[in-house]
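Single-letter residue listing:
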Amino acid sequence: MTIFLTIVVVALMIATLVALVRGIIAFLKATEDDLKNPSGPSASGVRQNKMMMARVGFQAAAIVVVMLLLLLSRG
């Protein structure tokens, strides 16, 4: 069981890293016009927000799995 959970933690860490990199790439693609446009969020801004929320979700899931691993290792 601990081997499976360890693999899940590693997969979640990789997913977190991928979401972080994709968010940074979306941030770098934002143009000055996108940043100055007051008419609402641009496509780049929406993508950045989506990647940030995915990253936070993956991090939360990884923390939960690590806590489960710690509980299992105590017993």
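In this report, we go over the structure that sits alongside the text.

If you look at the biggest cluster of nonpolar residues, it comprises six residues: Leu 5, Val 9, Leu 12, Ala 62, Val 65 and Leu 69. If we skip the residues at most four places from it in the chain, Val 9 touches Ala 62, Val 65, Val 66 and Leu 69.

Taking 1.5 Å per residue as the helical rise, helix H1 (residues 2-29) with its 28 residues ought to reach 40 Å, and the 41 Å between its terminal C-alpha atoms agrees with that figure. What H1 keeps buried is the set Leu 5, Val 9, Leu 12, Thr 16, Ala 19, Gly 23 and Ala 26. At its buried positions, H1 is contacted by helix H3 (43-74).

Moving on: a positive patch on the surface. Taken together, the side chains of Arg 22, Lys 29, Arg 47 and Lys 50 define a basic patch exposed on the protein surface. Of all the secondary-structure elements, those providing two or more residues to the positive patch are H1 and H3. Within the secondary structure layout, Arg 47 lies in helix H3. The class for Arg 47 is partly exposed, based on a relative accessible area of 41%.

How each quantity is defined
- Each chain carries its own residue numbering, running from 1 in the direction its sequence is written.
- pLDDT decides what is reported in this predicted model: residues at 70 or higher carry local features, side-chain atom pairs at 80 or more are listed and counted, and totals for whole chains, interfaces and linings draw on all residues regardless.
- Hydrogens and waters are ignored; side-chain quantities use all the structure's heavy atoms.
- Buried Ala, Val, Leu, Ile, Met, Phe, Trp, Tyr and Cys residues form a nonpolar core when they are joined through side-chain atoms within 4.5 Å.
- Using a 1.4 Å probe on the protein chains alone, a residue whose accessible area is under 20% of its type maximum counts as buried, one over 50% counts as exposed, and one in between counts as partly exposed.
- When checking whether two residues touch, look at their non-hydrogen atoms; a contact exists if any pair is within 4.5 Å.
- Helix and strand labels come from DSSP, where a helix needs a run of H or I of at least four residues and a strand needs a run of E of at least two; each type is numbered from the N terminus.
- A helix is expected to reach a length of 1.5 Å times the quantity of its residues less one.
- Patches were defined on residues exceeding 30% relative accessible area and lacking a salt bridge, with like-charge contacts within 9 Å and nonpolar side-chain contacts (Val, Leu, Ile, Met, Phe, Trp, Tyr) within 5 Å.
- Accessible surface is estimated by sampling points in the Shrake-Rupley manner with a 1.4 Å probe; for residues, cover comes only from the protein chains shown.
- By salt bridge we mean one thing: a side-chain nitrogen of Lys or Arg within 4 Å of a carboxyl oxygen of Asp or Glu.
- Counted charges follow a simple rule, with Lys and Arg positive, Asp and Glu negative, and His plus the chain ends left uncounted.
- In this description, the location of a charge corresponds to atom NZ of lysine, CZ of arginine, CG of aspartate or CD of glutamate.

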